[in-house]
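Letter by letter, the chains look like this.
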Amino acid sequence: MSSSSKQQKKQGDKEALQKMRKITTSLLSRTDAAPFREPVDWRGLGLSDYPQIITKMMDLGTVKRKMDRGQYDNAAQCAADIRLIWDNCKTCKEYESFHCFSTINCSYPTLFHLVCLFLLFLPSNSSTPSPPPP
């Protein structure tokens, strides 16, 4: 890979990460995202087997902190952590002993995936496309 190709890739990764920052900020601001903002307080909830079932814990606050610290090399790493949040949620909903998860909406992945596709593949210098006519 030539140095100009590497620079273009690095710039593309930087732009994609900026878009992921917008997505994460938007998700954090949603009232229905409250259960996903901070790590699950599994001790406080009395879920002693939580660490054995959820081996890689993740939440939106941690994703934001990792972004702020520059711990993601590209948007795919960030997106993987965000998907992990909902994968963990769906896993928890499968365990009856984790009754506290029964009311949490784990349907974000579809919306998240669509927003990511839209933002990540929309060129940064283009304007937002108009919706199709009815």
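A short tour of the structure in this document, coming up.

Cut-offs and rules
Residue positions within a chain follow its written sequence, with the count starting from 1. With pLDDT at 70 or above as the cut-off, local features in this predicted model cover only qualifying residues; side-chain atom pairs require 80 or more to be listed or tallied, and sums for whole chains, interfaces and linings still use all residues. Each side-chain value is worked out from all heavy atoms of the structure, with water and hydrogens disregarded. Runs of H or I in DSSP of at least four residues are treated as helices and runs of E of at least two as strands, each being numbered from the N terminus. Classification of residues uses two cut-offs on accessible area relative to the type maximum, computed with a 1.4 Å probe and protein chains only: under 20% is buried, over 50% is exposed, and between them is partly exposed. Whether two residues are in contact is decided by their heavy atoms, any of which lying within 4.5 Å being enough. Surface exposure here means Shrake-Rupley accessible area, sampled with a 1.4 Å probe, where a residue is shielded only by the protein chains that are shown. Axes here refer to lines fitted to C-alpha atoms; in helices the fit is confined to the stretch in contact. Angles between the N-to-C directions go from 0 to 180 degrees. Angles are sorted into four bins: roughly parallel if under 35 degrees, roughly antiparallel if over 145, roughly perpendicular if 65 to 115, and oblique for all others. Here is the rule for handedness: rotate from the far helix to the near one, and if that takes an anticlockwise turn smaller than a right angle the crossing is left-handed, while a clockwise turn gives right-handed. Residues were grouped as follows: Ala, Val, Leu, Ile, Met, Phe, Trp, Tyr, Cys and Pro as nonpolar; Asp, Glu, Lys and Arg as charged; and all remaining residues, including Gly, as polar. For a helix, the expected span equals 1.5 Å multiplied by the number of residues minus one. Under this definition, polar contacts are N or O atom pairs within 3.5 Å; protein pairs additionally need one hydrogen-donor-capable and one acceptor-capable atom, and for neighbouring residues in sequence, both atoms have to be side-chain atoms. One side-chain nitrogen of Lys or Arg within 4 Å of one carboxyl oxygen of Asp or Glu is enough to make a salt bridge. Side-chain atoms within 4.5 Å are what join buried Ala, Val, Leu, Ile, Met, Phe, Trp, Tyr and Cys residues into a set we call a nonpolar core.

### Observations concerning the overall build of the protein chain
Of regular secondary structure, the protein chain possesses five helices and zero strands. Sequence-ordered secondary structure for the protein chain, helices as α and strands as β, is α-α-α-α-α. In the protein chain, buried positions account for 31% of the 134 residues. Put simply, 63% of the contacts in the protein chain that link residues at least 6 apart link residues at least 24 apart. Element-wise, carbon and sulfur atoms account for 55% of the exposed surface of the protein chain, whose accessible area totals about 8,800 Å².

### Observations regarding the packing of helix α3 (residues 60–68) against helix α4 (residues 75–93)
A pair of packed helices can be characterised by two numbers: the angle between their axes and the separation between those axes. Interhelical geometry of α3 versus α4 gives an angle of 170 degrees and a closest axis separation of 10 Å. Overall, the two elements α3 and α4 adopt an arrangement that is roughly antiparallel. You can see that α3 and α4 cross each other, and the crossing is right-handed. Of the residues in α4, those in contact with Leu-60, Val-63, Lys-66 and Met-67 of α3 are Cys-78, Asp-81, Ile-82 and Ile-85. Here the contact of α3 with α4 is composed, by residue class, of six nonpolar, no polar and two charged.

### Digging into α4
Along an α-helix, residues three or four positions apart point the same way, because every turn accommodates 3.6 residues. Here α4 is 19 residues long and its end C-alpha atoms lie 28 Å apart, about the 27 Å a rise of 1.5 Å per residue gives. Capping of α4 at its N-terminal end is provided by Asn-74; its side-chain oxygen lies 3.2 Å from the backbone amide nitrogen of Ala-76.

### Remarks on the pattern of salt bridges
According to the stated counting rule, one finds five salt bridges in the structure shown. Among the ionic pairs, Asp-68 bridges to Arg-21, the shortest N-O distance being 2.7 Å. Placement of Asp-68 in helix α3 and of Arg-21 in helix α1 (residues 3–29) is noted, with a sequence separation of 47 residues between them. Residue Arg-21 is classed as partly exposed on the basis of its relative accessible area of 26%.

### Topic: the nonpolar core
Across soluble globular proteins, you tend to see nonpolar side chains buried next to one another. Core analysis: the biggest nonpolar cluster contains 21 residues, and Met-20, Leu-60, Val-63, Cys-78, Ile-82 and Ile-85 have the highest contact counts within it. Of all the elements in the fold, those that place two or more residues in this core are α1, α3 and α4. With eight residues, the top contributor of residues to this core is α4. Counting residues in hydrophobic clusters, the runner-up holds five residues, among them Trp-42, Leu-47, Tyr-50 and Cys-92.

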